[in-house]
Structure formats: C-alpha cells, structure tokens
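Topology and contacts: notes
As a plain string of letters, each chain reads:
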Amino acid sequence: MTGFKKRIRMTFGIGLIATLSACGGSGSNPFGSIGSLGGGGDANATTTQATRTRGAESVAVNRYLWAASLDVLSFLPVESVDPFTGVIVMGYGTPPGGSRAYRATIYLTDPALDARSLNVALLTRSGPAAAETTRAIEDAILSRARQIRIADGAL
C-alpha cells in the first residue's frame, strides 16, 4: 500500500508542477509571459520594449463626439467603453416617452468633428432599427457635439 501512495503523491506532484508552470510567472508582470517576444535575447530588454510600445498608445477619437454620444444616448446603460479604439457599447433601454427598447454601438473612427467619424449601429429586440431612426440618432449626436464645442469656446 505504501508504494501505491508514493505513486499517487508523485503523480499529484508532477501534475501540480505542470499546472503551475503553465500559469506563467509570479504575477508581477502585467504583460504575461513576454519572453517569446524578444526572440531569446535579454528578458529585461524585452520588458522595456513592451512597456515602451504599450505606453505609445494615444486616444484618437473626438472628445466632443464622445461626450455627445454619451449625452444623447444617456437613457441606455453603458456596457463597455474603449477610448483607444473609439467603441462605446450600450445595452437595451427605452427612450423617454417611447415603448421600443434599443441597443446601440457607437464607433468613432477619427479625431475630426465630422459625420464620417461617427458610426452608429442601433438595434431593437427584433433586429436592426430603421435607417431613419439611426440617421436621427447620428444627427442628434453631431448637433450635440457641435453645441458642446461651441460652449467650450474651442472655435
């Protein structure tokens, strides 16, 4: 019986080591295991390069369009936002005085305050919203963005 217990402990120990080694380092590295990025060079240089690349991100969306989108669609709950890619995802909600629930995804593609910078996808529970409704939301966002810009005095 002792030989059997010894084999179980050995198997358990090997499994535990394999599991822990698959987890990746000590948890202090926010980039995970980046040793493979450098091609086998100095691990410290790889970490420095990854940090430098990560710090080079810049926000490339128009702040007035961003604020106007959140303002116009304030009746919808915000599910996720990503200012680096310009995506705002909102959950289902009904507009004040309305009966139909909508869900919206806003994609800001450019830092310019321009209609081409704004893409709105509007859905109802039964499918895509009417094109006129989507166009009305886009127009409302653009108008509100212009109002915010004028109020900001950035002309």
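Nothing here was measured: the structure is a model prediction, and the numbers come from that model.

Right, let's get into the packing of helix H3 (residues 63-72) against helix H4 (residues 131-152). Orientation of H3 relative to H4, taken along the N-to-C sense of each, is 120°, at an axis distance of 8 Å. Our classification of the angle between H3 and H4 gives oblique. Both H3 and H4 take part in a crossing whose hand is right-handed. Residues Arg63, Tyr64, Leu65, Ala67, Ala68, Ser69, Asp71 and Val72 of H3 form the contact with H4, whose participating residues are Ala140, Ile141, Leu142, Arg144, Ala145, Ile148, Arg149 and Asp152.

The next thing to look at is the pattern of salt bridges. All chains considered together, the criterion is met by 4 salt bridges. Across the pair Arg103 and Glu79 runs a salt bridge, and its minimum N-O distance is 3.4 Å. With Arg103 in strand S3 (residues 102-108) and Glu79 in strand S1 (residues 78-82), this pair connects stretches of sequence that are 24 residues apart. Residue Glu79 is classed as partly exposed on the basis of its relative accessible area, which comes to 48%. For Asp114, the salt bridge identified is with Arg116, shortest N-O distance 3.0 Å. Using a relative accessible area of 25% as the deciding quantity, one classes Asp114 as partly exposed.

Among the secondary structure elements, Glu138 is positioned in helix H4. The charged side chain of Glu138 is buried without a salt bridge, its nearest counter-charge being Arg135 at 4.3 Å. With residues up to four places along the chain from it excluded, the contact list for Glu138 reads Leu118, Asn119 and Val120.

What counts, and at which threshold
Residues numbered from 1 in each chain as written. Predicted model: local features only at pLDDT ≥ 70, side-chain atom pairs only at ≥ 80, totals over all residues. Heavy atoms only, no water. Axes fitted to C-alpha atoms, helices over the stretch in contact; angles between N-to-C directions. Helix = DSSP H or I, 4+ residues; strand = E, 2+ residues; numbered from the N terminus. Parallel < 35°, antiparallel > 145°, perpendicular 65-115°, else oblique. Left-handed = near helix turned anticlockwise from the far one by under 90°. Contact = heavy atoms within 4.5 Å. Salt bridge = Lys/Arg side-chain N within 4 Å of Asp/Glu carboxyl O. Buried < 20%, exposed > 50% of the residue type's maximum accessible area, 1.4 Å probe, protein only. Lys, Arg positive; Asp, Glu negative; His and termini not counted.

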